[in-house]
Each structure stands twice: as structure tokens, then as C-alpha cells.
Amino acid sequence: MRQAEQAPTGDEGGSVETTLRAAGSDRIELVQTFVRIVQAGNLSQAAAQLGTTQPTVSRRLKALEALLKVRLLQRSTHGMKLTEDGQRCFERAKTLVADWANFEEDLRGVRHEPEGTLRVWVPHAFGQQLLIGPLADYVRRHDKVSVEWLLEDHMPDFVGGAIDCAIHVGEVQDPGTVAIRLGDVPRVVVASPKLLHGMPQPREPEDLERLPWLSMRTFYRTDISLTRDGTDERRRVVFQPRISTDSLYALRSATLLGLGVSVGSSWLFTEDIARGELVHLLPQWHAQPLPMYLIYPYASYYPAKLRSFVDEMRVAVPKALSSRTVQAVVSARA
């Protein structure tokens, strides 16, 4: 079975009849194509994900319909939708494709080496800095796997984007995904010495309200709660931000320029604090740490490339988080 074609194949210029004759030896490919069309939402996206052309995908769909003697999809200028027969076929086809992949891997042995392309969705700042080390270690260990490391700060469309898994910061709301907690991301309150120049040093959370603020709108906008270390005491800080952003790097840059106080991942500010370019305000107080998850859709079968990535990230990411957190604490106390 071919999971994906790397180049256009011989049926590019053939007919549905030609495809049907070939289907006797590769019917599973027709079923795989149908499943990918439905999951992708259109023929062109399915073709891109399969590494072939739209005419080829269209011929395979027609060949499967001719083989089964049913109409599977209704297409119009407004899009496409499954027929009643198509819906029944899709439910069975998903199981068939997963079972076939599982069957192949079982024959190869449980030690089958991970291979193919793994598409991973990662938040920008984490994907550019903190997680590059774990990614590099994974790629070095698995030379038959290539990784598409996609930097995005919103939740992925796993099906439409053909995403294998995602690393997500914050709580997971989608009940259709497996969510493996990798650890917690500590957050600190920081500001530039430029902002604090000539002002009394904040001593209590309420003192922060007289300063300009920046907000990370993904996690806080006009207020944030701080907890005193070693206690359950919490204080709420209310403000109107001068700048609101969904980018952790933009938040850091604006903070360095002295535009306001911000709350962000402690690992990102470690070196800035150590160099004296940022001040860790109220070090005895902290914002609630954010959970980090590795998420992927529920399925009856997971390829070796995904299983190995999940297993390795469960170990590597907590280490990366712990290492940078320790550095942040040491820098803040220096």
C-alpha cells in the first residue's frame, strides 16, 4: 500500500476504465483516496496531501463509485457532501484503512522503524526556541522521518490540515482529541528598568495597577490573578493594556522597549533578567502556570512515526521546561 505518492503516476493521463483495471490489485488505494477526500473537504486539498494531482484523485473516486455501483459524493459549485451510501461507506472505509495500516505494520514487526513525514503544529515562541532541542534529538534518532514543523498560535484543523499532532499551551477543550500533559509553563511578572525609572519599586500586587500594562490576549486581557509562593493567597490585578497581542515574542519585545508590565513564560525571560534588561517584579508572587499538552485525534491506529514522537516528547519536553525554569529562578535571585 502506498501511503502517499511522491510524483505523479501513470494514471495521470488514463481513464476511469484504466483505473478500474488497476483497482483489482490496489483497491485499498481507491478507498484511501476516498477517505482522504472526505477528511480534506475537497479534491484539490486531498490531492495535495496525497502528493498527486486533482484529476488523479477524481478518477480514483469515480473508479471506486463504479466498482461499488453507488454514488458516494454529491458535488456542486457550493462544495461537496456525502450521499447516504457515501456516509455508510466512509464509516466503514475509515476502519478498513486503519486496519490495513495496522496489518502492514504487524507484518513488518513491532520494531518497525518510524518513517515518512510527520506534521506537527507548534506555538511560535515555543517552536522557535524551547522545543527545537527536543525536535533535533528526535530527528537525529529517526533518519527516515522528516518533520514539517508548523508554527501557529491557534488550534489546528487536524483533518483539513492533515496534522498528525500538536503541542498546545493552555487547557484543551476539544473532546475529540487525545491530550497528553507534558508539564506546566511557569509565568512571571516582568518590566523594563526604563519603565520603572524614577518610580517606587512595586511591593504588593496592587502597586502594579499604577503602571502601564501589556496583555497576552490568549491568556489574560484586562486583569490577572497572582498567587503568593507557598500559600493560597491570591490577589487580582486590574488594568487597561496599552498593547494587546497574541504573540509571546511581540509581548517580550514590547516589554523590553519599556512599554509596559507583562506576564509571560519564565523560560523566555531568563536571559533578559540575567542581563538586567528586564526586572522580575514581585518574585514572591506568580501567575498560574499554564499546562502544556501534546494532542492528536482519536484513531484506531497510530503510525510508528507518531507513536515514537509522542513517547520521546513525554520525556524531552518536561526536561526542557524544567531546565529553563531553574535558570529563570537562578537569574531572578542573582
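Cut-offs used in this document
Residues numbered from 1 in each chain as written. Predicted model: local features only at pLDDT ≥ 70, side-chain atom pairs only at ≥ 80, totals over all residues. Heavy atoms only, no water. Helix = DSSP H or I, 4+ residues; strand = E, 2+ residues; numbered from the N terminus. Buried < 20%, exposed > 50% of the residue type's maximum accessible area, 1.4 Å probe, protein only. Contact = heavy atoms within 4.5 Å. Axes fitted to C-alpha atoms, helices over the stretch in contact; angles between N-to-C directions. Parallel < 35°, antiparallel > 145°, perpendicular 65-115°, else oblique. Nonpolar A, V, L, I, M, F, W, Y, C, P; charged D, E, K, R; others polar. Pairing = 2+ DSSP bridges. Phe/Tyr/Trp six-rings, centres within 6.5 Å; stacked < 30°, edge-to-face > 60°. pLDDT = per-residue confidence, 0-100. Salt bridge = Lys/Arg side-chain N within 4 Å of Asp/Glu carboxyl O. Arc of directions from axis to C-beta. Left-handed = near helix turned anticlockwise from the far one by under 90°.

Okay, the overall build of the chain next. If you tally the helices and strands in the chain, you get 10 helices and 13 strands. Classification of the 334 residues of the chain by burial places 45% in the buried group. Looking at the chain alone, contacts between residues at least 24 apart form 75% of all its contacts between residues at least 6 apart.

Moving on: the packing of helix H2 (residues 43-50) against helix H3 (residues 54-68). One can describe the packing of H2 onto H3 by two numbers: an axis separation of 8 Å at closest approach and a directional angle of 105°. When the interaxial angle is binned, H2 and H3 end up roughly perpendicular. Only Gln 54, Val 57, Ser 58, Arg 60 and Leu 61 of H3 make contact with H2, whose side of the interface consists of Leu 43, Ser 44, Ala 46, Ala 47 and Leu 50. Per-class residue counts for the contact of H2 with H3 are 6 nonpolar, 3 polar and 1 charged.

Judged from the 4 bridges that link them, strand E5 (residues 165-169) and strand E13 (residues 285-297) form a sheet pairing that is antiparallel. Across the sheet, the residue bridging to Val 169 is Met 292, located in E13. In this sheet, E13 lies alongside strand E6 (residues 177-191) in antiparallel orientation, the contact comprising 9 bridges. Bridge assignment links Asp 184 to a residue of E13, and that residue is Pro 291. Judged from the 3 bridges that link them, strand E8 (residues 223-228) and E13 form a sheet pairing that is antiparallel. Bridge pairing in E13 links Leu 226 to Ala 287.

What follows is about the packing of aromatic side chains. For any pair of aromatic rings, geometry is given as the distance between the ring centres together with the angle between the planes. Taken as a whole and judged by the stated rule, the model has 7 aromatic pairs. Both rings, one in Phe 34 and one in Phe 90, keep their centres 6.4 Å apart while their planes meet at 85°; by these two values the pair is edge-to-face. Of the two residues, Phe 34 is situated in helix H1 (residues 16-40) and Phe 90 in helix H4 (residues 84-108); the sequence distance between them amounts to 56 residues. Note on accessibility: Phe 34 and Phe 90 belong to one class, buried.

This part covers unusual backbone geometry. With phi around 60°, Lys 69 is a residue other than glycine that occupies positive phi space. Backbone geometry places Ala 162, a non-glycine residue, at a positive phi of 50°. Mapped onto the elements of the fold, Ala 162 is located in the loop between strand E4 (145-151) and E5.

Turning next to the confidence of the model for the chain. Chain-level statistics for the chain give a pLDDT mean of 86 and a share of 86% at 70 or above. Below pLDDT 50 for its whole length, residues 1-13 participates in 30 contacts with residues either more than four positions away or in separate chains.

Before going further, it helps to examine the pattern of salt bridges. By the definition in use, this model includes 19 salt bridges. A salt bridge links Arg 235 to Glu 204; the shortest N-O distance between them is 3.3 Å. A residue pair is termed long-range when its members are at least 10 positions apart, and Arg 235 in strand E9 (residues 234-238) and Glu 204 in the loop between helix H7 (193-196) and strand E7 (214-216) qualify at 31 residues. A residue is classified by how much of its surface remains accessible, and Arg 235, at 21% relative accessible area, is partly exposed. Judged by its relative accessible area of 30%, Glu 204 is partly exposed. The salt bridge partner of Asp 272 is Arg 252, with a shortest N-O separation of 2.7 Å.

Attention now moves to helix H6 (residues 132-141). The set of residues buried in H6 consists of Pro 134, Leu 135 and Tyr 138. Seen from one end, H6 has its buried residues packed into an arc of 100°, which puts them on one side.

The next subject is the packing of helix H8 (residues 248-256) against helix H9 (residues 266-274). Axis separation between H8 and H9 bottoms out at 11 Å; the angle between their running directions is 30°. Between H8 and H9, the angle falls in the class roughly parallel. Classified by chirality, the crossing of H9 by H8 is right-handed. Across from Leu 248, Tyr 249, Arg 252 and Leu 256 in H8, the residues of H9 making contact are Trp 267, Leu 268, Phe 269 and Asp 272. Grouping the constituent residues of the contact of H8 with H9 by class yields 6 nonpolar, no polar and 2 charged.

Tracing the backbone through its elements, the reader meets Glu 65 in helix H3. Given a relative accessible area of 13%, Glu 65 falls into the buried group. With sequence-adjacent residues up to four places away left out, Glu 65 is seen in contact with Val 70, Arg 71, Leu 72 and Leu 73.

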